[in-house]
Amino acid sequence: MTQKQPLVTIRNVVKRFGEVEVLKGIDLDVMEGEVLCLIGPSGSGKSTLLRCVNYLERADDGYIKVDADYAGAVVRGGQLHEASEGEIASYRQRVGMVFQHFNLFLHLTALENVSIGLQKVRRLTKSDATECARTALADVGLAHLEHSYPRHLSGGQQQRVAIARALAMEPKLMLFDEPTSALDPELVGEVLTVMRRVAERGMTMIVVTHEMRFARDVANRVAFMDQGKVVEVGPAKQLLDTPSSERTKSFLTRVE
Amino acid sequence: MTNLVVVWNGTGAAYQLRQSWSTSIPESKVGEVVTGSTVDGDVRDPHARPVPRKHPSYWLSGAVALVIAGLVVYSLATNEKLQWPVFAQYLFSAPILQGLWVTIQLSVVSQVIALVIGCVLALLGESKNPVFRAFVKGYVGFFRGLPLLVLLLICFNAALFIPRLGWGDFSWDTNTLISGFTAAIIGLSLHEGAFMVEIIRAGFMSVPPGQREAAQSLGMKRGLTMRAIVIPQAIRVIIPPTGNQFISLLKASSLVAVIGGGDLLTRAQQIYGSNFKVIPLLLVVSFWYLAIVTLATFGQHFLEKKYSLSAGPQKKQTKPRLEEASA
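For clarity, every value in this text was computed on a predicted model and none was experimentally measured.

1. Overview of the overall build of chain A
Looking only at helices and strands, chain A features nine helices and twelve strands. Since a compact globule built from 256 residues should have a radius of gyration of about 18 Å, the 18 Å found for chain A is in line with a globular shape. By principal-axis analysis of the C-alpha atoms, chain A measures approximately 50 × 50 × 40 Å. Taken over 256 residues, chain A has a buried fraction of 55%. Look at the contacts in chain A between residues 6 or more apart in sequence, and 65% of them connect residues 24 or more apart. Just so you have it, chain A exposes about 11000 Å², and 45% of that area is on carbon and sulfur atoms. Separation of charge centres in chain A, based on 32 positive and 33 negative side chains, amounts to 2 Å.

2. Concerning the packing of aromatic side chains
Here the structure, examined in full by the defined rule, presents eight aromatic pairs over all chains. Ring centres of phenylalanine 224 of chain A and phenylalanine 251 of chain A lie 5.2 Å apart, and the angle between their planes is 40 degrees; on these two criteria the pair is classed as tilted. Taken together, the positions of phenylalanine 224 of chain A in strand 11 (residues 221–226) and phenylalanine 251 of chain A in helix 9 (residues 246–255) put the pair 27 residues apart, joining distant regions of the chain. Seen in terms of ring centroids, phenylalanine 87 of chain B and phenylalanine 287 of chain B are 6.3 Å apart; in terms of plane orientation they differ by 85 degrees. Their pairing is edge-to-face. Placement of the pair is phenylalanine 87 of chain B in helix 2 (residues 84–91) and phenylalanine 287 of chain B in helix 11 (residues 278–307), with a sequence separation of 200 residues. Given a relative accessible area of 13%, phenylalanine 87 of chain B falls into the buried group. Among the residues examined, phenylalanine 287 of chain B registers a relative accessible area of 36% and is labelled partly exposed. Taken together, the ring pairs connect Trp84, Phe87, Phe92, Phe287 and Trp288 of chain B into an aromatic cluster. The ring of phenylalanine 105 of chain A is capped by arginine 165 of chain A, whose NZ or CZ atom sits 4.6 Å from the centre of that ring.

3. What to know about the side chain of arginine 51 of chain A
Within the secondary structure, arginine 51 of chain A is located in helix 1 (residues 46–53). Discounting chain neighbours no more than four positions away, the residues touching arginine 51 of chain A are Leu56, Glu57 and Met97 of chain A together with Glu213 of chain B.

4. Examining the interface of chain B and chain A
Chain B puts 30 residues into the contact, and the matching count from chain A is 30 residues. Both faces considered, chain B and chain A share a buried interface measuring about 2700 Å² in area, 59% of it formed by carbon and sulfur atoms. On inspection of chain B and its partner chain A, the count reaches one salt bridge. The partner of arginine 51 of chain A in a salt bridge is glutamate 213 of chain B, with the nearest N and O atoms 2.6 Å apart. Linking chain B with chain A are seven residue pairs in polar contact (both at pLDDT 80 or more). Among the secondary structure elements, those contributing two or more residues to the side of chain B that touches chain A are helix 8 (209–217), helix 9 (222–252) and helix 12 (322–326) of chain B. Partitioning the side of chain B that touches chain A into residue classes produces twelve nonpolar, eleven polar and seven charged.

5. Quick word on the side chain of glutamate 232 of chain A
Residue and element names in this part refer to chain A. Along the polypeptide, glutamate 232 turns up in strand 12 (residues 229–235). Among buried charged residues, glutamate 232 stands out as having no salt bridge; its nearest opposite-charge side chain is lysine 249, 8.1 Å away. A polar contact is formed between the side chain of glutamate 232 and the backbone nitrogen of serine 245, at a distance of 3.0 Å. Looking at glutamate 232, its side chain comes within polar contact range of the side chain of threonine 248, at 2.7 Å.

6. Points about the pattern of salt bridges
Residues and elements named next belong to chain A. Within the structure shown, the criterion is met by 18 salt bridges over all chains. Residue arginine 16 pairs with glutamate 21 through a salt bridge whose shortest N-O separation is 3.6 Å. Between arginine 160 and glutamate 190 there is a salt bridge, with its nearest N and O atoms 2.4 Å apart. Within this pair, whereas arginine 160 is found in helix 5 (residues 155–168), its partner glutamate 190 is found in helix 6 (residues 185–200), the two being separated by 30 residues in sequence.

7. Here we look at empty space enclosed by the protein
Applying the stated criterion across every chain yields a total of two cavities of 30 Å³ or more. A volume near 40 Å³ is recorded for the largest cavity. Along its surface, the largest cavity is lined by Arg92, Gln93, Val95, Gly96, Met97, Ala166, Met169 and Pro171 of chain A together with Ser217 and Leu218 of chain B. Counting only elements with at least two residues in the lining of the largest cavity, the list comes to helix 2 (85–93) and strand 8 (95–98) of chain A. Among the residues making up the lining of the largest cavity, the classes are represented as six nonpolar, three polar and one charged. Computed from the structure, the second largest cavity encloses a volume of approximately 30 Å³. If you trace the second largest cavity, you find it lined by Asp139, Val140, Leu167, Val194, Arg197, Val198 and Arg201 of chain A.

8. Overview of helix 9 of chain A
All names here are of chain A. Within helix 9, burial applies to Thr248, Phe251 and Leu252. The buried residues of helix 9 occupy an angular sector of 95 degrees when the element is viewed end-on, so they sit on one face. Exposed and facing more than 90 degrees away from the buried side of helix 9 are Glu246, Thr253 and Arg254. Between the side-chain oxygen of the N-cap and the backbone nitrogen of arginine 247 there are 3.0 Å, and the N-cap of helix 9 in question is serine 245.

9. What about a positive patch on the surface?
On the surface, a cluster of positive charge is made up of Arg58 of chain A together with Lys128, Arg133, Lys137 and Arg222 of chain B. The topology assignment puts lysine 128 of chain B in the loop between helix 3 (94–125) and helix 4 (130–145).

10. Some thoughts on unusual backbone geometry
If you check the backbone angles, asparagine 12 of chain A has positive phi at about 50 degrees while not being a glycine. Inspection of the secondary structure puts asparagine 12 of chain A in strand 1 (residues 6–17). Positive phi, close to 50 degrees, is recorded for glutamine 83 of chain B, a residue that is not glycine. We classify glutamine 83 of chain B as partly exposed; its relative accessible area is 25%.

11. Observations regarding the layout of surface pockets
By volume, the largest pocket amounts to about 570 Å³. Elements that contribute at least two residues to the lining of the largest pocket include exactly helix 2 of chain A together with helix 8 and helix 9 of chain B. Class assignment of the residues belonging to the lining of the largest pocket gives a composition of eight nonpolar, five polar and ten charged. Taken as a whole, the second largest pocket encloses approximately 450 Å³ of empty space. Along its surface, the second largest pocket is lined by 24 residues, and Gln111, Leu115, Thr242, Gly243 and Phe246 of chain B are the ones closest to its centre. Along the lines of polarity and charge, the residues of the lining of the second largest pocket split into 19 nonpolar, five polar and no charged.

About the thresholds
Residues numbered from 1 in each chain as written. Chains lettered and ligands numbered in written order. Predicted model: local features only at pLDDT ≥ 70, side-chain atom pairs only at ≥ 80, totals over all residues. Heavy atoms only, no water. Helix = DSSP H or I, 4+ residues; strand = E, 2+ residues; numbered from the N terminus. Rg over C-alpha atoms; globule rule 2.2 N^0.38 Å. Buried < 20%, exposed > 50% of the residue type's maximum accessible area, 1.4 Å probe, protein only. Contact = heavy atoms within 4.5 Å. Areas by Shrake-Rupley, 256 points an atom, 1.4 Å probe, with all protein chains shown as cover. Lys, Arg positive; Asp, Glu negative; His and termini not counted. Charge placed at Lys NZ, Arg CZ, Asp CG, Glu CD. Phe/Tyr/Trp six-rings, centres within 6.5 Å; stacked < 30°, edge-to-face > 60°. Lys NZ or Arg CZ within 6 Å of the ring centre and 35° of its normal. Buried area = accessible area lost by both parts, 1.4 Å probe. Salt bridge = Lys/Arg side-chain N within 4 Å of Asp/Glu carboxyl O. Polar contact = N/O pair within 3.5 Å; in protein donor to acceptor, adjacent residues only side chain to side chain. Nonpolar A, V, L, I, M, F, W, Y, C, P; charged D, E, K, R; others polar. 1 Å grid on protein atoms, 1.4 Å probe; cavity = no way out; pocket = protein on both sides within 12 Å on 5 of 7 lines; lining within 4 Å. Points joined across faces, edges and corners; volume = space filled by probe spheres on them. Arc of directions from axis to C-beta. Patch = residues over 30% accessible without salt bridge, like charges linked within 9 Å, V, L, I, M, F, W, Y side chains within 5 Å.

Right, dumping it as structure tokens:
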């Protein structure tokens, strides 16, 4: 893997929910084409960090930069200013997100789920959008289910549609928020296979996961988070096999 | 020990033990006729099923209800004071039918305006702008809190505190603008609008928050998210209670009689005010309200079925083709 410049820069990100500080100053870089897995016990702030990257949560302090754009902010006169709704929307177009509970649009078919963003956000014509969406669905192996509604799909199929939906927008960065945690064990594999293929194509990915095998096989680096802090970051195999921190060690013995 | 089964002998009372593969019974009992439906307290008949319970109490209460209903109908039909001939005379009379038409107009027009008020204010209530949200709260609090009768009287007497409507040369005398009918429309719409805001807001809230997050993560703005994702899903939650609300509006519209709204009840009151046939005319009014409410209830059931949560959009599902499924 040739490492270029960082695509994602996370600096001193702090997030509070009321009195509780969920993120206590996070610093992370993600290189272009890199896969970073975030692991750690529940409540450690992994998902919150991911949601901050997509600006679904607003960081109380610090900043997050993806390529040339800041999450929920723009630079004016050498100073970061809160972004307008349109600026936030165009930022989010470049950052794809896959949710734990899929969040497919329940009133739309699999194909419409993928094409709606292309048509209404990227402003493709209806036939172009449908064409693109078909390709994206075929890519995750679901061409034959394009007219099915989410409730007729298995969890694994729904999550693959959700991945196709996010990828169809041609983002620079893909965020996965525990994409297999809500799945029956026998359906986890098909989703991981799709994610592995996305990674192999060179997509930059931040993945919050409990799948240690996926982290070991696919991730370039793994970051271990605990109590709102990044405890350690390192190459996947090194961190998982020979963690340097005691907390990482005890977490890994508990999950493996 | 051989595997045996008990076979029903057809009378319902006795079972015969026969050799089989499923149940084990001592060989000595093969061919033995067993009375009753059990062997050693266990059902052995593979086709056994419980005999349905009889419900004599249903028939008994039905009979009692029929007798009581008959007595009630008989006493109503033979009660001279109800003056059925007068009822028949006025049921389809011109003023009554005109009043009925006004009642329907009032309800439909007010419901439509209320729907518009509800949509606009519910959307404003979703706004990030705290001023808009406060305005919506204020509106709902005020018009839902005010009794409809009081609101109608205020609208009708608006001229007493707003003598002229408009500005400078472009103003009109309020009294000429506000008739009983227009005051009724305004009052009913404002009142009904407050309830519609709540119904539509509840519909928006019924859409899981993950739907909005997914839409936002695709780069949709709030307006587009509402139009393309939230409203299409909320509509099925909004429609059934709206039908309900319309039915109560049909009945509540009778309150406009106090301001001479010209509706069904107003006309009936005008007639019995001059001929004192109070009861038969109230029966005429009751008949027509029950008729239109029943009609509206049918419509309501139809809408509820069409938009019930379980239904959802049903399009044909393509069958998975084998070569693609295995790919």
